[in-house]
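Given next are the chains, with one letter for each unit.
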Amino acid sequence: MSAIMNTYGRLPVTFTSGQGCWITDTEGRRYLDALSGIAVCGLGHAHPAVTAAITEQAANLIHTSNMYGIARQQELAEALTRVSGMENVFFSNSGAEANEAAIKLARKYGHQKGVSEPAIIVMTKAFHGRTLATLTATGNPKVQEGFGPLVPGFIRAPFMDLAAASAIAKANSNVVAIMLEPVQGEGGLATASPEYIAGIRALCDELGLLMILDEIQTGNGRTGTYFCYQQLGVMPDVVTTAKGLGNGVPIGACLARGKASGILQPGNHGSTYGGNPLACAAGVAVVNTIVSENLSARAAQMGDYLRNALNEALQNEPQFDCLRGRGLMIGVVLKKECPGIMAAALEQGLLLNVTAGNVIRLLPPLTITESEADQVVSTLATLIAALNE
Ligand SMILES: *Cc1c(COP(=O)(O)O)cnc(C)c1O
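These numbers were taken from a predicted model, which means no experiment stands behind them.

Visitor: Break down the site of the ligand for me, citing the residues and quoting the values.
Guide: Around the ligand sit Ser94, Gly95, Ala96, Asn99, Phe127, His128, Gly129, Glu181, Asp214, Ile216, Gln217 and Lys243, and those are all the residues in its vicinity. Take Gly95: an N or O atom from its main chain is 2.8 Å from an oxygen atom of the ligand. In the environment of the ligand, an oxygen atom lies 2.8 Å from a nitrogen or oxygen atom belonging to the side chain of Gln217. For the ligand, the protein covers 80% of the area, taking 380 Å² as the surface of the free molecule. Ranked by the residues each element gives to the shell around the ligand, the list is headed by helix H4 (residues 95-112), at three residues. Residue composition of the shell around the ligand, grouped by class: three nonpolar, six polar and three charged.

Dropping the structure here:
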């Protein structure tokens, strides 16, 4: 029996080092990493700017406390508000915790309006994390099973159905916010259209609701703009992010603007580690690198490149259905479930994963080159062709 609690199904491989889009296992075998630790290592492995920032910070000061000023946290908050157009930031250590902050903020917003039992509209197939509140917000009965009682105060709406969200919001006077992902990373890469997102924004404005975007996976350049909403023509009231923000150093952020920016006050929320100097040093290096090297635009460009190449390579594959996602967040939708493909890809030296049963998910580093992208496509085409056998 393993000394590690049995919470993950793991493939039989252990990695020891990485460089850019490549990662090496204990046997010295190299793999092309088209998953980036689930959209975390967006700058690739061992990025020199991140390595320098965290080694310097570690040699100086790793942690103090949020009872004191933290210069690195201030620096990262300013960098994030600059790239996002939001006004202020709460720092956490993970995505789920960033969403917890957003949920608490929305509830307090409701109480301030005199709503005693505030509710948040959340979407089918959403993923918001594994803590109790974020698990409740998640639209997957399978991951909720066995953990009841869940948290009250969430109402489910079908994703991409504006009329349904509007009807629920108008029928329930206790609704205070709508929370959704612009691309559902865990839910099969379903992608919100600009029209739908604009409709949600207008609905929130009409009824005085907070629009909360979960950009934990879509943020930090992944979809072709720093945050995905920046290509959808809206401004949320609250946006959360995590994954790509630390390039592997745990950090999350809940950003707010306008009426949402003044709700949480001293004593309302906190975190011992959240926004500590080490994590924020990594975050500053990441944001600065994405901005200075134009990696959001690069994600858009390489996303187009990969999409064209995938469409061309897969057009005659009977099992290929369509592509979903934005930028370098790509779902290759198959006509049948493909549970073995993650292990088969590993055998071929390629890291990827599968969500929603039949959607192969590609989340390569934003720095992927054309020849690396070609390699992803040719390996994937071979794997998908083998599904017919
Ligand atoms: C990964 C993810 C989360 C949860 O983040 P953790 O860091 O695992 O807690 C929440 N929302 C979305 C959209 C995610 O992709």
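Visitor: Got a sec to walk through the sheet that holds strand E13 (residues 320-326)? Specific residues and values, please.
Guide: The sheet built from four strands is open, its strands ordered E13-E14-E17-E16 with antiparallel pairing. Bordering the open sheet on either side are E13 and strand E16 (353-355), each of which pairs with just one other strand. Across the sheet, the mean angle separating the axes of adjacent strands is 30° when strand polarity is ignored. For strand E14 (residues 329-334) and strand E17 (residues 359-362), the ladder comprises four bridges, and the chain directions are antiparallel. When the bridges of E17 are listed, Ile330 appears paired with Leu362. Along the sheet face, helix H10 (residues 295-314) touches E13, E14 and E17 and points at about 175° away from the line of E13. Helix H12 (residues 370-386) contacts E14 and E17 of the sheet and is inclined by roughly 165° relative to E17.

Visitor: Account for the packing of aromatic side chains, naming residues and giving values.
Guide: A complete count under the given rule lists four aromatic pairs for this structure. Considering the side-chain rings of Phe159 and Tyr196, the 5.8 Å spacing of their centres and the 80° angle between planes classify their relative orientation as edge-to-face. Taken together, the residues Phe159 in the loop between strand E6 (154-157) and helix H7 (162-171) and Tyr196 in helix H8 (residues 194-207) connect sequence positions 37 residues apart. Assigned by exposure class, Phe159 and Tyr196 land together as buried. Ring geometry for Phe227 and Tyr229: centres 5.7 Å apart, planes at 5°, overall stacked. Judged by relative accessible area, Phe227 falls into the buried class, the value being 0%. Judged by its relative accessible area of 1%, Tyr229 is buried. Connected via pairs of aromatic rings, a cluster forms that spans Tyr226, Phe227 and Tyr229.

Thresholds applied
Residues numbered from 1 in each chain as written. Predicted model: local features only at pLDDT ≥ 70, side-chain atom pairs only at ≥ 80, totals over all residues. Heavy atoms only, no water. Near = heavy atom within 4 Å. Polar contact = N/O pair within 3.5 Å; in protein donor to acceptor, adjacent residues only side chain to side chain. Areas by Shrake-Rupley, 256 points an atom, 1.4 Å probe, with all protein chains shown as cover. Helix = DSSP H or I, 4+ residues; strand = E, 2+ residues; numbered from the N terminus. Nonpolar A, V, L, I, M, F, W, Y, C, P; charged D, E, K, R; others polar. Pairing = 2+ DSSP bridges. Axes fitted to C-alpha atoms, helices over the stretch in contact; angles between N-to-C directions. Contact = heavy atoms within 4.5 Å. Phe/Tyr/Trp six-rings, centres within 6.5 Å; stacked < 30°, edge-to-face > 60°. Buried < 20%, exposed > 50% of the residue type's maximum accessible area, 1.4 Å probe, protein only.

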